[in-house]
Every structure is written in structure tokens, then in C-alpha cells.
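So the chains spell out like this:
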Amino acid sequence: MRLLLVEDEDGIGKFICQGLREAGHTVDWVQDGQQGWEYALGTVYDVIILDLMLPKKDGFELLHELRNSAVKTPILCLTARDAVEDRVRGLNAGADDYLVKPFDFSELLARVHALLRRPPLQVEDVLQVGDLEMDTLRRTVHHKGKLLDFSQREYMLLEYLMRNAGQVLTRTQIGERIWGFDFYHESNVVDVYIGYLRRKIDREAAEPIIQTVRGVGFRLNDEPKNA
Ligand code: CA
């Protein structure tokens, strides 16, 4: 499952990230409310873990804005000890659950899993964009009915683009998402992999589905073709 962690404290963030990754989850970790906002809007997460005291935009404000933007992802808030008012405020602002610091990792994991079990599940198994169809359970991709073969990274990149079809994704978003902490911002690895995907998908297309948005990043075109 894909989780977003918004936590400014290094020690706690690393502790949570490591534990969740060991439990088999994919985790994006950002350290201020503004980035939390950008990530939460840019990607569909299964659960968001949100510290309430954050720089740039605090957790309450972020909660309000996400719920006002119809982001329905379950949100688990982290609050300081003895801050009873914060818990109430957080729940009123749209949080689904809260956990008081300090906590045992096993309790965090139990609560995340409880939120993941809540219907409706937002993750679709089969993604369809234009002529592309991805079955995320079988990990297969068909283009115009023809089975295509992808490396692990290519597949992850394509899934990310398909889940965010129509939205512009920056090189940094893509790099951090697919390569995580190994991503080096000056590298051209994103462009290289976009090139690999194009060779497999768009080589003979009159209207390429993978679009470059100059100076920004890339977008998968999800608009129906002109007749
Ligand atoms: Ca904090």
C-alpha cells in the first residue's frame, strides 16, 4: 500500500518510514505542510499519517484543505502528549484516527492497517488510459490489446503516470516517487526512463500518450482522441 507521512521531526520520521517499509508498504515522507499538500493532491494514497505541528502549513490547516478538496484518503493524526484539544480539533477537521506521541510502532501499524481495511478501497486494480490497460494484480500491461513487457522501474513509472493521468508530474515528483532516496536531482534518469516507455508505447503513435510539459515535467494524456 502507498502511504504518505507528513512529519517534520527527523528521528520520528525515519523511525516510522523504516517500520512501514519493513512491513511492506511504499512510503513517501515529506517534512512540511506545504509539501504534504502537494503530495496528497498529486498521488492517490491509501493512508496519510499527519503530524499536527508542522512548519509552513500546520496539520489542522492541511486537514481542512484536503477535506475541502474532496481528498477522502483516511488520515491518521499524530499529536503531542496531553494535547487533548488537538485530538478533538483534528477529528473535527476530518481526521479518521489519532495517535499520541510517543507511541509504539506496533500501535501505529495496527491503526494504519485498520484504516486500510475501511471501505471503500480507493485503489483500482485495473487502470485504463487511452489504449493502455494495466492490471495491477497480475502486473500486466496491454497496449491496443497487445501484451507489453516492462522492467520493474518502467512498470512503476507507468503505473504512477496512469494513476495520475491528465495531471502534470514534475521530474522531482517522479524521481522521488520511483527512485525514493536514491534519486539524485541533477540526474537525467527520469528522462531516460520516460524514453524507454515511449519506445514501447508511443513509437508508432500519431498522437503520443506521454506528453512533455516543457520546463515542468510529464503528463499522460487521458483525453479521448479526436474522431
Ligand atoms: Ca512536528
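Per chain, residues are indexed from 1 in the order of the written sequence. The predicted nature of this model means local features are confined to residues of pLDDT at least 70 and side-chain atom pairs, given and counted, to a pLDDT of 80 or more, with totals for whole chains, interfaces and linings taken over all residues. To obtain the side-chain values, all non-hydrogen atoms of the structure were used and water was disregarded.

1. Thoughts on unusual backbone geometry
Trans is the prevailing form of peptide bonds, just as negative phi is the prevailing case for residues other than glycine. Cis geometry is found at the peptide bond from Lys101 to Pro102, where omega equals -5 degrees. Think of it this way: any DSSP run of H or I at least four residues long counts as a helix, any run of E at least two long counts as a strand, and we number them from the N terminus. Along the polypeptide, Pro102 turns up in the loop between β5 (97-100) and α5 (105-116). In this structure, Lys56 takes a positive phi of about 70 degrees despite not being glycine. Tracing the backbone through its elements, the reader meets Lys56 in the loop between β3 (47-51) and α3 (59-68). At Arg139, a residue that is not glycine, the phi angle is positive and equals roughly 60 degrees. Take Arg139: it is sitting in the loop between β7 (132-135) and β8 (140-143).

2. Brief notes about the nonpolar core
In this text, buried Ala, Val, Leu, Ile, Met, Phe, Trp, Tyr and Cys residues form a nonpolar core when linked through side-chain atoms within 4.5 Å. To sort residues, take the accessible area from a 1.4 Å probe on protein chains only and compare it with the maximum for the residue type: under 20% means buried, over 50% means exposed, and anything in between is partly exposed. Formed by 28 residues in total, the largest nonpolar core has its most connected members in Leu158, Ile174 and Ile201. For this core, the elements supplying multiple residues, two or more each, are β6 (126-129), β7, α6 (152-163), α7 (171-179), α8 (189-201) and β12 (217-220). If you tally residues by element for this core, the top one is α6, at 6 residues. Working rule for contacts: check all heavy atoms of both residues, and any pair within 4.5 Å makes them a contact. The residues touching Ile201, leaving out its near neighbours within four places in the chain, are Leu132, His143, Leu148, Phe150, Leu158, Ile209 and Ile210.

3. Some details on α5
By definition here, a helix of n residues has an expected span of 1.5 Å times n minus one. The end-to-end C-alpha separation of α5 is 16 Å, in line with the 16 Å expected for 12 residues at 1.5 Å each. Among all positions of α5, only Phe105, Leu108, Leu109, Val112, Leu115 and Leu116 are buried. Buried residues along α5 cover an arc of 125 degrees about the axis, so they all sit on one side. The arc in question is the one traced by the directions running from the helix axis out to the C-beta atoms.

4. Some details on the domain arrangement of the chain
Residue ranges assigned to the domains are those given by an automatic or database domain assignment. Under the domain assignment, the chain is made up of domain 1 (2-117) and domain 2 (126-220). Its C-alpha centre places domain 1 at a distance of 28 Å from the equivalent point of domain 2. Listed as interface residues are 11 residues of domain 1 and, on the opposing side, 9 residues of domain 2. Accessible area that two parts lose when put together, evaluated with a 1.4 Å probe and summed over both, is termed the buried area. In this assembly, domain 1 packs against domain 2 so that about 870 Å² is buried in total across both faces, 34% of it on carbon and sulfur atoms. Its largest share of buried area at the contact with domain 2, domain 1 owes to Arg2, Tyr39 and Gly42, together 49% of the area lost on that side. Throughout this description, the term salt bridge denotes a Lys or Arg side-chain nitrogen within 4 Å of a carboxyl oxygen of Asp or Glu. At the junction of domain 1 and domain 2, the tally comes to 1 salt bridge. With a shortest N-O distance of 3.4 Å, Glu159 and Arg2 are connected by a salt bridge. Whenever two N or O atoms come within 3.5 Å, that pair is a polar contact, provided that in protein one can donate a hydrogen and the other can accept it, and provided that, for residues adjacent in sequence, both atoms are side-chain atoms. Run the count over domain 1 and domain 2 and you get 1 residue pair in polar contact (both at pLDDT 80 or more). When residues of the side of domain 1 that touches domain 2 are traced back to their parent elements, those giving at least two are β2 (26-30) and α2 (33-42).

5. Re the coordination of the calcium ion
Distances from the calcium ion to its protein donors, Asp8 (OD), Asp51 (OD) and Met53 (O), fall at 2.1 to 2.3 Å. For the calcium ion, the donor residues sit on a single chain with the sequence spacing D-x42-D-x1-M. Only nitrogen, oxygen and sulfur atoms count as donors, using a 2.8 Å cut-off from the metal that widens to 3.2 Å for Na, K and Ca. Water is left out, so coordination shells may look unfilled.

6. Section: the sheet that holds β6
Strand pairing in a sheet relies on backbone hydrogen bonds. The paired strands run either parallel or antiparallel. What the 4 strands build is an open sheet, ordered β6-β7-β8-β9; its pairing is antiparallel. Unpaired on one side and paired on the other, β6 and β9 (146-148) mark the two borders of the sheet. In this sheet, neighbouring strand axes are inclined to one another by 25 degrees on average, regardless of whether the strands run parallel or antiparallel. Strands pair, by our definition, only if DSSP identifies at least two bridges between them. Direction of pairing for β8 relative to β9: antiparallel, over a ladder of 3 bridges. Paired with Val141 across the bridge in β9 is Leu148. Between N-to-C directions, angles cover 0 to 180 degrees, with each direction set by a line fitted to C-alpha atoms, over the stretch in contact for helices.

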